[in-house]
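Residue-level structure breakdown
If you want the building blocks of each chain, they are given just below.
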Amino acid sequence: MKSIVIAQPNQLVIEERAIPQPSPGDVRVKISLAGICGSDSHIYHGHNPFAKYPRVIGHEFFGVIEAVGEGVEETRVGERVSVDPVVSCGHCYPCSIGKPNVCTELVVLGVHRDGGFSEYAVVPARNAHHIPDDVSDEFAVMVEPFTIAANVAGQVQPIEQDCALIYGAGPMGLTSVQVLKGVYQVQTVIVVDRIPERLEMARQSGADYVIDTTHLSLPDELARRGYRPTLIIDAACHPSILQEAITLASPAARIVLMGFSADPCTVTQQGITSKELSIYSSRLNAHKFPIVIDWLRAGLIDPSKLITHRYPYQEVVSAMATFENDRHSCCKVILRF
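A few points on the structure. (Residues numbered from 1 in each chain as written. Predicted model: local features only at pLDDT ≥ 70, side-chain atom pairs only at ≥ 80, totals over all residues. Heavy atoms only, no water.)

**What about the pattern of salt bridges?**
Using the criterion set out here, one finds 15 salt bridges in the structure. In this structure, Asp134 and Arg297 form a salt bridge, with 3.1 Å as the shortest nitrogen-oxygen distance. Separated by 163 residues along the polypeptide, Asp134 in the loop between β10 (128–130) and α3 (137–141) and Arg297 in helix α10 (residues 289–298) bring together distant segments of the chain. The salt bridge partner of Asp208 is Lys181, with a shortest N-O separation of 2.9 Å. Note that Asp208 is positioned in the loop between α6 (196–204) and β13 (209–212) and Lys181 in helix α5 (residues 171–183), a separation of 27 residues in sequence. Counted as one network, the salt bridges with shared partners bring together Glu15, Arg17, Arg55 and Asp114. (Salt bridge = Lys/Arg side-chain N within 4 Å of Asp/Glu carboxyl O. Helix = DSSP H or I, 4+ residues; strand = E, 2+ residues; numbered from the N terminus.)

Rendered as structure tokens:
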């Protein structure tokens with residue numbers, strides 16, 4: 001089989017490998033589609049501290065179960081599945097309270113263990129989620145990106161009366177827009193970015209207002225329109241954002257951090273406690289695949305608004321270059337296997 005391998009930072013190769021055999025409790029998936037994520041780019045360029053090399057990247061992938069290991073029902077052969085990349089131990093403290101995404105022995109497919117940028121992948125059977133016939137292949141490969149927004153929503157519990165502010169109109173921000181508007185019917189969703197084309201994508205995804213901070217002051221624009229955000233999502237992941245979010249937030253607001261910046265940031269404690277703000281962080285997803293699949297079936301979210309480019313896997317270098325460099329027209333890139 002062919003596998004896309006990061007042999008070492010900045011060295012991507014398409015390598016011939018043996019077709020893997022499923023161990024007990026595993027299934028082998030024949031991959032149909034895989035999505036490129038920012039974390040794949042980070043591993044490619046050596047910027048992910050969790051990755052070990054060589055590594056088959058890819059944690060957004062969809063395919064069909066072709067073989068099963070011992071203990072897995074043979075009836076699963078032929079099943080269309082989207083794969084949850086979060087592999088957890090099931091018994092540590094985080095797992096015991098429903099947070100397998102921060103398991104003390106966490107393994108993420110495509111990061112700590114080979115992932116889905118390959119013609120075949122072996123994964124735990126419990127991580128291979130059945131995709132109903134009324135969900136298309138392209139929607140199925142987009143389940144994982146939407147679980148990121150689902151994980152945020154599961155923590156902050158949006159309500160219709162919220163005034164939501166989202167920093168960043170990249171994939172994380174845009175999936176968050178769709179979830180807030182389509183699933184939770186949040187009355188006001190504001191998106192801030194510096195790329196006009198991305199802000200237009202936010203509008204198409206349901207944002208009520210967009211603000212281009214290249215030329216406009218975010219605090220001034222919010223004040224002019226009379227908005228005090230009750231829910232703020234940082235999907236841009238810059239260390240300067242947290243203090244601004246604290247300043248802009250309504251009393252009793254919730255603030256969510258989605259990034260992995262290692263740069264320090266300075267915040268004023270008084271701004272948090274005087275408003276009794278709640279600050280959350282969100283990583284990956286905690287059992288959110290069935291929820292997102294239900295949303296897809298109900299038509300509450302529309303991944304087609306985010307998929308902008310498609311490439312055969314043989315052109316992965318060009319696909320990665322598009323994803324990394326075309327920030328104006330590119331959002332989600334799908335590889336076909």
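Having seen it, we continue.
**Points about the side chain of Arg198**
Positionally, Arg198 belongs in helix α6. The side chain of Arg198 sits in the buried core without any salt bridge; Asp193 is the nearest counter-charge, 5.3 Å away. A distance of 2.9 Å separates the side chain of Arg198 from the backbone oxygen of Cys330, its partner in a polar contact. (Buried < 20%, exposed > 50% of the residue type's maximum accessible area, 1.4 Å probe, protein only. Lys, Arg positive; Asp, Glu negative; His and termini not counted. Polar contact = N/O pair within 3.5 Å; in protein donor to acceptor, adjacent residues only side chain to side chain.)

**Structural notes on the nonpolar core**
Formed by 45 residues in total, the largest nonpolar core has its most connected members in Ile166, Leu180, Val189, Val191 and Val292. Counting only elements with at least two residues in this core, the list comes to α3, α4 (143–156), β11 (163–167), α5, β12 (188–193), α6, β14 (231–234) and α10. Ranked by the residues each element gives to this core, the list is headed by α4, at 8 residues. Residues in contact with Val292, not counting those within four places in the same chain, are Val143, Phe146, Thr147, Ala150 and Ile301. One finds Ile31, Val72, Cys95 and Val123 within the second-largest nonpolar core, a separate group that totals 44 residues. (Core = buried A, V, L, I, M, F, W, Y, C linked by side-chain atoms within 4.5 Å. Contact = heavy atoms within 4.5 Å.)

**A look at the packing of α4 against α10**
Orientation of α4 relative to α10, taken along the N-to-C sense of each, is 105 degrees, at an axis distance of 9 Å. Judged by the inter-axis angle, α4 sits roughly perpendicular to α10. Between α4, through Val143, Glu144, Phe146, Thr147 and Ala150, and α10, the contact on the second element is made entirely by Phe289, Val292, Ile293, Trp295 and Leu296. Split by residue class, the contact of α4 with α10 holds 8 nonpolar, 1 polar and 1 charged. (Axes fitted to C-alpha atoms, helices over the stretch in contact; angles between N-to-C directions. Parallel < 35°, antiparallel > 145°, perpendicular 65-115°, else oblique. Nonpolar A, V, L, I, M, F, W, Y, C, P; charged D, E, K, R; others polar.)

**Some remarks on the pairing of strand β17 (residues 307–312)**
Across 5 bridges, β17 lies against strand β18 (residues 332–336) in parallel orientation. Along β18, the bridge assignment pairs Ile307 with Lys332. Chirality of the crossover, the property in question, places the unit of β17, helix α11 (residues 316–325) and β18 among those that are right-handed. (Pairing = 2+ DSSP bridges. Right-handed = clockwise from strand over helix to strand, strands pointing away.)

**Some words on the side chain of Ser205**
Checked against the element boundaries, Ser205 lands in the loop between α6 and β13. Residue Ser205 is classed as buried on the basis of its relative accessible area, which comes to 7%. Leave out the neighbours within four places in its chain, and Ser205 touches Leu174, Val177, Gln178, Lys305 and Leu306.

**A look at unusual backbone geometry**
The residue after Tyr53, namely Pro54, is reached through a cis peptide bond having omega -5 degrees. Summarising the element assignment, Pro54 is placed in the loop between α1 (38–44) and β4 (55–56). For Cys237, which is not glycine, the phi torsion reads 65 degrees and is therefore positive. Position of Cys237 relative to the elements: it lies in the loop between β14 and α8 (241–248).

**Remarks on the sheet that holds β14**
Hydrogen bonding along the main chain pairs the strands of a sheet, whether they run parallel or antiparallel. Read from one edge of the open sheet, 6 strands run β13-β12-β11-β14-β15-β16, paired in parallel fashion. Two strands bound the open sheet, and with one partner strand each, they are β13 and β16 (278–281). Direction aside, the axes of adjacent strands within the sheet are offset by 15 degrees on average. The pairing of β12 with β13 spans 4 bridges and is classified as parallel. Bridge pairing in β13 links Val191 to Val210.

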